[in-house]
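Survey of secondary and tertiary structure
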Amino acid sequence: MYRYDEFDETLVRGRVEEFRGQVARRLSGALTEDQFKPLRLMNGLYLQLHAYMLRVAVPYGTLSSRQMRQLAMIARTYDKNYGHFTTRQNIQFNWIELPQVPELLGALADVEMHCIQTSGNCIRNVTADPYGGAVAGEAEDPRLWAEIIRQWSTFHPEFSYLPRKFKIAVTGSAHDRAAILVHDIGVAIRRTDEGLRFRIYIGGGQGRTPMIAAQVVDDAREDNLLTWLEAMLRIYNRLGRRDNLYKSRVKILVHGLGAEEIGRQIREEYQAIKQTGGVPLPEAEITRIRTYFAPPAYEKLQDEDLAGAMRANGKEADYARFLRRNTAKHKVAGYRIVTISLKDGERPPGDATSEEMEKIADLADQYSFGEIRVTHEQNLVLAHVKQKDLPKLYHQLVEAGLGEGNIGLVADQIACPGLDFCALANTRSIPVAQEIARRFSEPKRAELIGDMKIKISGCINACGHHHVGHIGILGVDKKGEEHFQLMLGGSADEDAALGKIIGPSFAYDEVVDAVEKVIEAYLEHRQEGEPFLAAYRRLGAEPFKRALYGTA
Amino acid sequence: MALLEEGRRVADRWQLLEEGEAQASPILLPYARFVEARKHWLALNNALGVVFPNDLDPSLLAEDLERLSLVVLQFPAFRDGRAYSQARLLRERHGYRGTLRASGDILIDQYFFMKRCGFDSFEVPDDADIKAWEEAAAKRTTWYQPSGGLEGENILLARHKLKSGRD
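Parameters at a glance
Residues numbered from 1 in each chain as written. Chains lettered and ligands numbered in written order. Predicted model: local features only at pLDDT ≥ 70, side-chain atom pairs only at ≥ 80, totals over all residues. Heavy atoms only, no water. Core = buried A, V, L, I, M, F, W, Y, C linked by side-chain atoms within 4.5 Å. Buried < 20%, exposed > 50% of the residue type's maximum accessible area, 1.4 Å probe, protein only. Helix = DSSP H or I, 4+ residues; strand = E, 2+ residues; numbered from the N terminus. Contact = heavy atoms within 4.5 Å. Buried area = accessible area lost by both parts, 1.4 Å probe. Salt bridge = Lys/Arg side-chain N within 4 Å of Asp/Glu carboxyl O. Polar contact = N/O pair within 3.5 Å; in protein donor to acceptor, adjacent residues only side chain to side chain. Nonpolar A, V, L, I, M, F, W, Y, C, P; charged D, E, K, R; others polar. Pairing = 2+ DSSP bridges. Right-handed = clockwise from strand over helix to strand, strands pointing away. Disulfide = S-S within 2.5 Å. Axes fitted to C-alpha atoms, helices over the stretch in contact; angles between N-to-C directions. Parallel < 35°, antiparallel > 145°, perpendicular 65-115°, else oblique. Left-handed = near helix turned anticlockwise from the far one by under 90°.

**Structural notes on the nonpolar core**
- Counting 158 residues, the largest nonpolar core has W145, I185 and I200 of chain A together with V71 and F119 of chain B as the members making the most contacts within it.
- Here the element with the most residues in this core is helix α6 (residues 225-239) of chain A; it accounts for nine residues.
- The contact partners of F119 of chain B, leaving out residues within four places of it in the chain, are L73, F75, A83, A87, L100, R101, A102 and M114 of chain B.
- If you look at the next biggest cluster of nonpolar residues, it comprises 32 residues, including V410, I473, V518 and A521 of chain A.

The following block contains the structure:
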């Protein structure tokens, strides 16, 4: 993974020291809250319902075990012994007190971590496929390009006061595990005979007005990537709306101008920047960053008979399910990609305690070259596990309470913090997710249902990604009561689609029953082996409407 | 409002020309007024300055930049960052070499970004601690992106010991 050189170190340390100074001045009263707000807004420090929330940047979701241990220490020392992994591959702490922030930032800086640009109207964490560098068929590890984009976007003097926040995601595989089509800019990397080529999209997003991104360029070259991004950000900075908070994301600009017109303007700006030399990205720098993403020291191994192990019953049934659901094919023989589920119906989705973080750090050291990835679905990945180590790893996970074999199943939901934490929420979301997980906790039934992505947002800001859930749940305020709208058929991968509202909303004590009715209707009408999304697309909304509302 | 240039508080020799006022040098005009009688203003011997709105394309000034000694760009609210792009375009695309002034709601934390975008004149609050402003900018010794003005300390170039990023 990327390691700071002395330049990165100087830059980040300097900025961290500066923010520490600003926090100290706020504490002493030298700065009022009004003066402090713009400063903390660029440094991931939010004032929430109960306390400050601090969002720590985890570039493209990649953590070393050393960093994970430090996050565990921070959770123990400065929070209530847990942290929350987010849908942008970051981690946040919800119970921070301002006087502790300077020390906390110092502890982060000690392990090359910071909170820079995790909030504010600037370019946020660049996210990438959590299987990057491990999965077969990849054009290139997208995380190396996420690192290049990260450096270009950090303290960019022109793009630090955009109309609104800006989110970029990168995939290197045809199957998109980074949800690039619902990002402000999405980058898809492929390999051609002439080398790497980038397809770049603009204007995806969720929130109040969800949109799928439009393609701007299909075959950008490596050395031109940053020039394309600069052109896009400049158009947005100049033309994005600043009069209306709810219409200020780039997706609104793209929708307003139309994909063709914004493509034309971007291409024109791109050509103009190229004429004065373009944004430099020397081959030497690409090569330098590539070395940080070189493959780890794999052993020469054979594949085990995982297919056989996956069919096991009796005592080995849970392990077999773990293999089926939580592991994926690695590009190197004898290895496997493992996902650790942070969804068990007890914990809020995406939360881990300090002890769990430390355990996962140990497991990463033991089994995966000391590296962990955070996924945008709020789980953790050990990307390079030897197949012969899988049984041992599994048993250690079970012992630590982290052994749920439910990745991609109904319990593996995305949920926003919701009314329990967030001042913007209309409804709770965590308890709904927990109840759904409990309702479907019987493992055989969960696997019978199969691939099911439920995504829950407590308000229209869609931090739980409800627009792109197979079943999306949106919390609304109905005459002062918590109500939930259901939408079906959303998808965040390369086949992206926005879910459609199925009908009138449900009360808090009805919504989980409603979800169950949708799932039962699916089970009733599906063809052999047909996943939910395919069944919904084939059947349409009618059978589900009937199940929910009884209308013919 | 105080004027910060080259690290010091300086007197402002420019004043917006009022309607009907005699045309003493130097002349500072809002863009709308400038463009209304462009040929007339350009033909004068006076030093010319334009206050340019932040929602217009700076290429509108391109042809006249050689004749302008001052361009004032606007930050109506500190969050409104459109003038950063205008500044870079004026300097890097259109080759403007006169004084480029930042006006409006400007925070000490933005001073460094503005300098890197090519501003060299800043309207700061009357009670601004100029020394603190200079120190805040001076602390930023290194940066990732090349941009108008402060080429020398760019990380990319320093890392690879390049003269320009095109190598």
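**Points about the interface of chain B and chain A**
- Contact with chain B, which involves 38 residues of that partner, is made by 44 residues of chain A.
- Together chain B and chain A conceal approximately 3,500 Å² of surface at their shared face, both sides included; 57% is due to carbon and sulfur atoms.
- Among the residues of chain B in contact with chain A, R93, Y144 and R159 of chain B are the three that bury the most area, contributing 19% of the side total.
- Counting across the interface, chain B meets chain A through eight salt bridges.
- Ionic pairing is found between R88 of chain B and E230 of chain A, a salt bridge with its closest N-O pair at 2.8 Å.
- Where chain B packs against chain A, one counts 21 residue pairs in polar contact (both at pLDDT 80 or more).
- Among the secondary structure elements, those contributing two or more residues to the side of chain B that touches chain A are α3 (82-93), α4 (111-117) and α6 (155-160) of chain B.
- For the side of chain B that touches chain A, the element with the highest residue contribution is α3 of chain B, accounting for seven residues.
- Of the residues belonging to the side of chain B that touches chain A, the class tally is 16 nonpolar, nine polar and 13 charged.

**What about the pairing of strand β7 (residues 121-124) of chain B?**
Residue and element names in this part refer to chain B.
- Side chains S121 and E123 project from β7 onto one buried face, and the interleaved F122 and V124 project onto a second face that is buried too.
- Across three bridges, strand β1 (residues 2-5) lies against β7 in antiparallel orientation. Counterpart to A2 in the pairing with β7 is V124.
- Handedness of the crossover joining strand β6 (residues 99-104) and β7 through α4: right-handed.

**Examining the state of the cysteines**
Residues and elements named next belong to chain A.
- Under the definition given, this model contains zero disulfides over all chains.
- For the unlinked cysteine C122, the closest cysteine sulfur is that of C115, found at 12 Å.
- Of the cysteine sulfurs around C463, a residue in no disulfide, the closest is that of C459, at 6.2 Å.

**Some remarks on the side chain of E371 of chain A**
Residue and element names in this part refer to chain A.
- Among the secondary structure elements, E371 is positioned in strand β14 (residues 371-374).
- Engagement of the side chain of E371 in a polar contact is seen with the side chain of R143, the distance being 3.2 Å.
- Excluding residues that lie within four positions of it along the chain, E371 makes contacts with M1, T62, L63, R143, A364, V381, L382 and H384.

**Section: the sheet that holds strand β13 (residues 351-353) of chain A**
Residues and elements named next belong to chain A.
- Across the sheet, which stays open at both edges, the five strands sit in the order β1-β2-β5-β4-β13 with antiparallel pairing between neighbours. Only two strands of the sheet have a single partner each, and these edge strands are β1 (45-47) and β13. Strand-to-strand twist across the sheet, computed as the mean angle between neighbouring axes with direction ignored, equals 30 degrees.
- Contacts from helix α12 (residues 354-367) reach β4 (82-85), β5 (91-96) and β13 within the one sheet, and its direction differs from that of β13 by about 85 degrees.

**Focus on unusual backbone geometry**
Residue and element names in this part refer to chain A.
- Positive phi, normally seen in glycine, also occurs at F369, with a value near 55 degrees.
- If you trace the backbone, F369 turns up in the loop between α12 and β14.
- For F369, a relative accessible area of 41% puts it in the partly exposed group.
- Residues other than glycine seldom take positive phi values, yet H465 does so here, at roughly 65 degrees.
- Following the sequence through the fold, H465 ends up in the loop between β17 (454-457) and β18 (471-478).

**So, the packing of helix α3 (residues 65-78) of chain A against helix α4 (residues 101-109) of chain A**
All names here are of chain A.
- Between α3 and α4, the shortest axis-to-axis distance is 10 Å and the interhelical angle comes to 165 degrees. Put simply, α3 runs roughly antiparallel to α4. Read as a crossing pair, α3 and α4 show a hand that is right-handed. On α4, the residues that touch Q70, L71, M73, I74 and Y78 of α3 are E103, L104, A107 and L108.
- When the residues that make up the contact of α3 with α4 are grouped by side-chain class, the tally is seven nonpolar, one polar and one charged.

**So, the pattern of salt bridges**
- Evaluation of the coordinates by the stated rule reveals 66 salt bridges over all chains.
- The salt bridge involving E9 of chain A is made with R13 of chain A; its shortest N-O contact spans 3.1 Å. With E9 of chain A and R13 of chain A both in helix α1 (residues 6-28) and four residues apart, this pair spans about one turn of that helix.
- The partly exposed category is assigned to E9 of chain A, whose relative accessible area is 27%.
- Residue R150 of chain A is joined to E147 of chain A by a salt bridge in which the shortest nitrogen-to-oxygen separation is 2.8 Å. Within this pair, R150 of chain A and its partner E147 of chain A are both found in helix α5 (residues 142-153), separated by three residues, close to a single helical turn. Grouping residues by exposure puts R150 of chain A and E147 of chain A together as buried.
- Sharing partners across several salt bridges, the network here consists of E158, E230, R234 and E269 of chain A together with R88, E92 and R93 of chain B.

The values reported here are purely geometric and, on their own, carry no functional implication.
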